[in-house]
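# Chain and residue survey
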Amino acid sequence: MSAITPEIVAEHGLNPDEYDRIVNAMGREPNITELGIFSVMWSEHCSYKSSRRHLRKLPTEAPWVICGPGENAGIIDIGDGQAAIFKMESHNHPSFIEPYQGAATGVGGILRDVFTMGARPVANLNALRFGSPDHPKTRHLLSGVVAGIGGYGNCVGVPTIGGECDFHPAYNGNILVNAMTVGIADTDKIFYSAAAGIGNPVIYVGSKTGRDGIHGATMASAEFGENSEEKRPTVQVGDPFTEKLLIEACLELMATDAIVAIQDMGAAGLTSSSVEMGSKGEVGIELDLDNVPQRETGMTPYEMMLSESQERMLMVLKPGREPEAMAIFRKWDLDFAVIGKVTDTRHLVLKHKGEIVADIPLGPLVDDAPNYDRPHEETEKQDVLGPDSFTAPESNADALRELLATPDLASKRWIWQQYDHMVMGDTIGRPGGDAGVVRVHGTQKALAITTDCTPRYCKADPVEGGRQAVAETWRNITATGAIPLAITNCLNFGNPEKPIIMGQFVGCIEGMAEACLALDYPVISGNVSLYNETNGQAILPTPAIGGVGILTNYEQRASIAFAAEGETIVLIGDTEGHLGQSLYARELCGREDGAPPPVNLSAERRNGDLVRGLILTGVATSCHDVSGGGLLVAIADMAMASRIGAVLDYDRGGVPSYAFLFGEDQGRYVITTNSPELVLEQAAVDGVNASVIGVTGGATLKISEFDSISVAELTQVHEGWLPAYMAIP
Amino acid sequence: MKPAVIVFPASNCDRDAAVAIEKICGVKPLMVWHGDSTLPDVDLIVIPGGFSFGDYLRCGAMAARSPVMREVVARANNGTPVLGICNGFQVLTEAGLLPGALMMNAHLKFVCKDVALKVESNQSMFTSAYQTGEIVTYTVAHHEGNYFADDATLDQIEQNGQVAFRYLDNPNGARNDIAGIFNKERNVLGLMPHPERMIERDLGGDDGARMFESLVASL
Amino acid sequence: MKARVHVTLKSGVLDPQGRAIQHTLGSLGFGGVSDVRQGKYLELDLAETDRDAAERSVKDMCEKLLANTVIENYSIDLVE
């Protein structure tokens, strides 16, 4: 076996100090297979070596949390013996290199994280971020990513019910593809990854192993250079048909009591799954690699252990249950092989052709992983800019028309029409609203699910941006009438070895933690994606948040569409006309400066609780939160969704009209009602600012006596941008 | 009424079809695995949507050659009503029970949206609860829904009154805006849009429910 | 024996993928491509050693599964 040279160590993304730790952990020089295993386990992707100490600051507990971070996905109790299991994960680097397969396998991976735990996946969402629409690659990347997400999700038969899609030049060289899956399980049928039972068989199921994506996990932890497009061969190819079979076979086996532990093979496949199962169970694992189903001939132990072939799982079964398990996997035409056993050595031992080819103590492999306290520098605070710092538009209607056709605000129908969002027959809140809503099959319950983040706020003020990202998901869930329960996240940042980037990470975590605490809204799973930089150019800090909430009776839900003509429109929350970091400032004034709007977490909670109460009692007939683009965009959304216009008549209390209409002050909602007095009364009791700002009706949005625009025209510009953009070859 | 739903490995609307049948027809359908070469005595066979065999080779091609399909073809030829929805329509054309073929959408993309359809004839056990000429809304969700038949076949289909549903705003390039067709005897219906996804207001509409009501009335 | 099977859309059947490929070739500056038809290529490893028998068998496979003769043509090429 070849000696390990410093070059080989460097090629594995390990620095000399880390190599010394490996030698120390092993008590000898590792061989190449062992080095490969250490390199993936100690990569940023698997070890969270730059982020671990900070992630601990996030609140992860609540009475309804069944399982927090650390397993394949997080679990919350949704009553009646049922649980929601969910997680979000990034597939940024693979998607940039090969958008279709990168995005498709991202969806496949997150689905496996969820059904591994015993859940039937019921909803997918995707938070996507692309470079400038003018960048020559953007169109190709967007089209490939959307086709890949659809190609995979549509085939497995899980509805894709929402997500987000933004554009910014900071993503020109590093797009973000963050996929989220939510599943439902019975609380007494949840499966974990800790191996147990000395001598129990270790089973491999799913697709065969090939030389796919070797070193994907280390690729996901390295900065891109000019030649990243040459990395194409390491990208894995997804097979949604096999995934669908794997879902059905696993759920069928899970209905029995044959499984002791189960873990999907994600990044670093066989390595990470066997190490996780052994170390969580505080046992050893012995694998005979000759029994691993292989797609190619002559594979080495190194290749088998590092392969990222998709649609594979590792299980520990109760002794003697192999035949019934095998029968199920054979029925679904999937490979099933006993490849090893649980031991009491607390070592990972690999055999190949009768020889021991690796013998690694699991304790040190996991516990001695580097844990860095990287230097971090706080982002300099920016000035709070008053409305006067920004120019007023010629007319507010023109500004609205222009804003609705900008890339971030334009309708994303072109994207979500390529996703089957109706399969499974429970989607009652389709894409395009505040949150996607799916019924819990066969019950009166429904889950409201959303993903959100405003990276421009995070860049300007990481702490405020972190708060806002969490609060916005809470708000979007609240706007359907659901009670927000917990979040997952995908923390996408640049190179953590740069103090300013590390400072963005630490700041966003701080803000997220504050918001989670204030809103009783813990983090139950997540993923960190660092080194999103190309040639030293980092992405905007993007802590994408995926939130889940529950409606106990879905008939009480609200949608963003105005319910009827002649209803009173009420604005909930405080409006100061904050234009710093707003889309108005960026898109119409060409400015990306100033402090972002502050999030007042106690007001956030007060306002949201009031709104939810009004929805559930039927007082509010429709509801939309106010976010990017401000109040007028929110009202336009409601008008377009219902094809009902509105006549606005509001007291702006000294705030210039454009700041009132386009400011992005936080914690606000627009509701409609037939009982405005009741709303104002209740708001006054709760100490919430509420004001009547108009009435629904007609076919135009009348902003003032002299300024109006038809709903049809709004729809035309809003729906027009993306299809027109994508139609250019 | 004794309905059966055929289940292929990657069918994914099998449950949706079963839910619709149970809700509207009041009877739980039999779920029949594609590998079975026998089919119990049933009076309605539904081939659901999905990706049967990953839609590899061609949509519905391998499903049409699975063991249970021989029996389905025999029953259809003996008059048992067979309903193929979406991937089920593709399977029925591949199995030769319906003329023509379903090709990739003209715009090359998957499309999931509500579509308005014109009911071309209520003279069938699938459509008797509709009015001929009525406009209804179903959902489409497919990548290969672009109906093709050569000119002679198309003429025949039209002359025989075999067109069951036509798109008002063609979402996939289908010839003659065809969304669904009967066989000549009208005991086999294949259509790309999903009636089973439109069975209650909460899902966006209930126009699809009447297809199942029609079946209840005639079986 | 190896059988190489090409499956293509019949002439007269619209090929949206071929058209899109042609369009993109044009936008990449490849002029003079008057038509593109895309299809499938399959390679079968056969145990059969008799050429005629192999040809008959692969033809049968094409008729029964590999091609949809409503819209597709096929051609078979046998190599020892």
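Numbers given to residues run from 1 along each chain, matching the order in which its sequence is written. The naming scheme follows written order: chains are lettered A onward, ligands numbered 1 onward. Only residues with pLDDT of at least 70 are given local features in this predicted model, and only at 80 or more are side-chain atom pairs given and counted; all residues enter the totals for whole chains, interfaces and linings. Only heavy atoms go into the side-chain values, all of them from the structure, while hydrogens and water stay out.

## Focus: the sheet that holds strand β1 (residues 65-67) of chain A
Residues and elements named next belong to chain A. Here is the rule: In this scheme, strands are said to pair when DSSP sees at least two bridges between them. In this description a helix means any DSSP run of H or I spanning at least four residues, a strand means any run of E spanning at least two, and both kinds are numbered starting from the N terminus. The convention used is that axes are lines fitted to C-alpha atoms, helices contributing only their stretch in contact, and that angles between N-to-C directions extend from 0 to 180 degrees.
Across the sheet, which stays open at both edges, the six strands sit in the order β1-β2-β3-β6-β4-β5 with mixed pairing between neighbours. Every interior strand has two partners, whereas the edge strands, β1 and β5 (160-167), have only one. The sheet shows a mean angle of 20° between the axes of neighbouring strands, taken without regard to direction. Pairing geometry for strand β4 (residues 120-130) and strand β6 (residues 176-186), over nine bridges, is antiparallel. Counterpart to N126 in the pairing with β6 is A179.

## Topic: the interface of chain B and chain C
Put simply, the rule reads: For this analysis, residues touch if any pair of their heavy atoms sits within 4.5 Å. Buried area: the accessible area, evaluated with a 1.4 Å probe, that two parts lose upon being put together, summed over both parts. Think of a salt bridge as a Lys or Arg side-chain nitrogen and an Asp or Glu carboxyl oxygen that are within 4 Å of each other. Any pair of N or O atoms that falls within 3.5 Å is considered a polar contact. Within protein, one atom must be able to donate a hydrogen and the other to accept it, and sequence-neighbouring residues count only if both atoms are side-chain atoms.
Counting from both sides, the interface comprises 14 residues of chain B and, opposite them, 18 residues of chain C. Broken down residue by residue, the surface that chain B buries against chain C is led by L57(B), R58(B) and M103(B), which jointly contribute 40%. The interface formed by chain B and chain C contains one salt bridge. Taken together, chain B and chain C are joined by five residue pairs in polar contact (both at pLDDT 80 or more). Of all elements in the fold, only α2 (61-64) and β5 (101-103) of chain B reach the threshold of two or more residues within the side of chain B that touches chain C.

## Topic: the interface of chain A and chain B
Think of interface size as the accessible area that goes away when the parts come together; that is how it is often given. Taken residue by residue, the interface counts 29 residues in chain A and 28 residues in chain B. Around 2,300 Å² of area is buried between chain A and chain B when both sides are counted, 56% of it from carbon and sulfur atoms. There are five salt bridges connecting chain A and chain B. The closest approach of N and O atoms between R557(A) and D202(B), which form a salt bridge, is 3.1 Å. Connecting chain A to chain B are 14 residue pairs in polar contact (both at pLDDT 80 or more). When residues of the side of chain A that touches chain B are assigned to their parent elements, the largest contribution, four residues, is made by helix α10 (residues 240-254) of chain A.

## Some thoughts on the packing of aromatic side chains
Inclusion rule: Only rings of Phe, Tyr and Trp enter the pairing, Trp through its six-membered ring, and a pair is recorded when the two centres are within 6.5 Å. The plane angle decides the type: under 30 degrees is stacked, over 60 is edge-to-face, the rest tilted. Lysine NZ or arginine CZ positioned within 6 Å of the ring centre and within 35 degrees of the ring normal marks a charge as sitting over the ring.
Considering all chains together, one arrives at 16 aromatic pairs over all chains under this definition. Between the aromatic rings of F241(A) and F53(B), the centroid separation amounts to 6.2 Å while the plane-to-plane angle is 50°, which identifies the pairing as tilted. Of this pair, F241(A) sits in helix α10 while F53(B) sits in the loop between β3 (44-47) and α2, on two different chains. One aromatic cluster in this structure is built from F130(A), F167(A), W721(A) and Y725(A). A cation sits over an aromatic face here: K331(A) above W33(B), 4.9 Å from the ring centre. For R591(A), the ring lying beneath its charged end belongs to F390(A), and the centroid distance is 4.5 Å.

## Topic: helix α21 (residues 601-616) of chain A
What counts is decided by this rule: What a helix should span is 1.5 Å times the count of its residues minus one. Throughout, exposure labels follow a simple rule: accessible area from a 1.4 Å probe, protein chains only, divided by the maximum for the residue type, with under 20% read as buried, over 50% as exposed, and the rest as partly exposed.
Between its first and last C-alpha, α21(A) extends 22 Å over 16 residues, near the 22 Å set by a 1.5 Å rise per residue. Turning to α21(A), its buried residues are L601(A), A603(A), E604(A), N607(A), G608(A), L610(A), V611(A), R612(A), L614(A) and I615(A).

## With respect to the packing of α10(A) against helix α13 (residues 322-331) of chain A
All names here are of chain A. Heads up, the rule is: Here the angle decides the label: under 35 degrees means roughly parallel, over 145 means roughly antiparallel, 65 to 115 means roughly perpendicular, and every other value means oblique. Here is the rule for handedness: rotate from the far helix to the near one, and if that takes an anticlockwise turn smaller than a right angle the crossing is left-handed, while a clockwise turn gives right-handed. Three residue categories are used. Nonpolar comprises Ala, Val, Leu, Ile, Met, Phe, Trp, Tyr, Cys and Pro, charged comprises Asp, Glu, Lys and Arg, and polar comprises the others, including Gly.
Relative to each other, α10 and α13 sit at 155°, their axes nearing to 9 Å. Between α10 and α13, the interaxial angle falls into the category roughly antiparallel. The element α10 and its partner α13 pack so that their crossing is right-handed. Across the interface between the two elements, L246, A249, C250, E252 and L253 of α10 pack against A325, I328, F329 and K331 of α13. Residues that form the contact of α10 with α13 fall into these classes: seven nonpolar, no polar and two charged.

## Here we look at the pattern of salt bridges
Residues and elements named next belong to chain A. Summed over all chains, the structure comprises 63 salt bridges over all chains. Across the pair E89 and K87 runs a salt bridge whose closest N-O atoms are separated by 3.3 Å. Taken individually, E89 and K87 each receive the classification buried, so the pair is uniform in this respect. Across the pair E324 and R321 runs a salt bridge, and its minimum N-O distance is 2.5 Å. Owing to a relative accessible area of 34%, E324 belongs among the partly exposed residues under this scheme.

## Observations concerning the sheet that holds strand β3 (residues 72-79) of chain C
Residues and elements named next belong to chain C. If you walk across this open sheet you meet the three strands as β2-β1-β3, and the pairing is antiparallel. The sheet is open, and its two borders are formed by β2 (39-45) and β3, each paired with just one other strand. Strand-to-strand twist in this sheet, taken as the mean axis angle between neighbours without regard to direction, amounts to 15°. Note: strand β1 (residues 2-9) against β2, seven bridges, orientation antiparallel. Bridging from a neighbouring strand, K2 pairs with D45 of β2.

## Some words on the side chain of N122(B)
Residues and elements named next belong to chain B. Among the structural elements, N122 can be located in the loop between β6 (111-119) and β7 (135-142). A distance of 3.0 Å separates a polar atom in the side chain of N122 from a polar atom in the side chain of Q123. Not counting residues up to four positions away in its chain, the partners in contact with N122 are T127, S128, Y130, Q131 and T132.

## Brief notes about the nonpolar core
This is how the line gets drawn: By nonpolar core is meant a set of buried Ala, Val, Leu, Ile, Met, Phe, Trp, Tyr and Cys residues that side-chain atoms within 4.5 Å join together.
Within the largest apolar cluster, 183 residues are counted, with the highest numbers of intra-cluster contacts made by L142(A), F329(A), I572(A), I47(B), Y147(B) and F165(B). One finds I22(A), A337(A), L350(A) and V357(A) within the second-largest nonpolar core, a separate group that totals 48 residues.

## Examining a nonpolar patch on the surface
Residue and element names in this part refer to chain C. To be explicit about the condition: Each patch is built from residues lacking any salt bridge and having more than 30% relative accessible area; the joining distance is 9 Å for like charges and 5 Å for nonpolar side chains (Val, Leu, Ile, Met, Phe, Trp, Tyr). To be clear on the numbers: accessible area is Shrake-Rupley with a 1.4 Å probe, and residue cover counts the displayed protein chains and nothing else.
Among the surface-exposed residues, L28, F30 and V33 lie close enough to one another that they form a single nonpolar patch of about 300 Å² accessible area. Checked against the element boundaries, V33 lands in the loop between α1 (16-27) and β2. Using a relative accessible area of 32% as the deciding quantity, one classes V33 as partly exposed.

## Some words on the packing of helix α3 (residues 32-41) of chain A against helix α11 (residues 269-281) of chain A
A pair of packed helices can be characterised by two numbers: the angle between their axes and the separation between those axes. All names here are of chain A. For the pair α3 and α11, interaxial distance at closest approach is 10 Å and the crossing angle is 75°. Taken together, α3 and α11 sit at an angle that is classed as roughly perpendicular. Side by side, α3 and α11 meet where I37, V40 and M41 of the first sit next to T271, S272 and V275 of the second. When its residues are assigned to classes, the contact of α3 with α11 shows four nonpolar, two polar and no charged.

## Considering the pairing of strand β12 (residues 347-352) of chain A
All names here are of chain A. With four bridges connecting them, strand β9 (residues 284-288) and β12 associate as parallel partners. The residue of β12 that forms the bridge with L287 is L350. As judged from the six bridges shared by β12 and strand β13 (residues 355-361), these two strands associate in the antiparallel manner. From the neighbouring strand, H352 faces β13, where its bridge partner is E355. Joining the antiparallel neighbours β12 and β13 is a turn of two residues, in which K353 adopts a positive phi near 50°.

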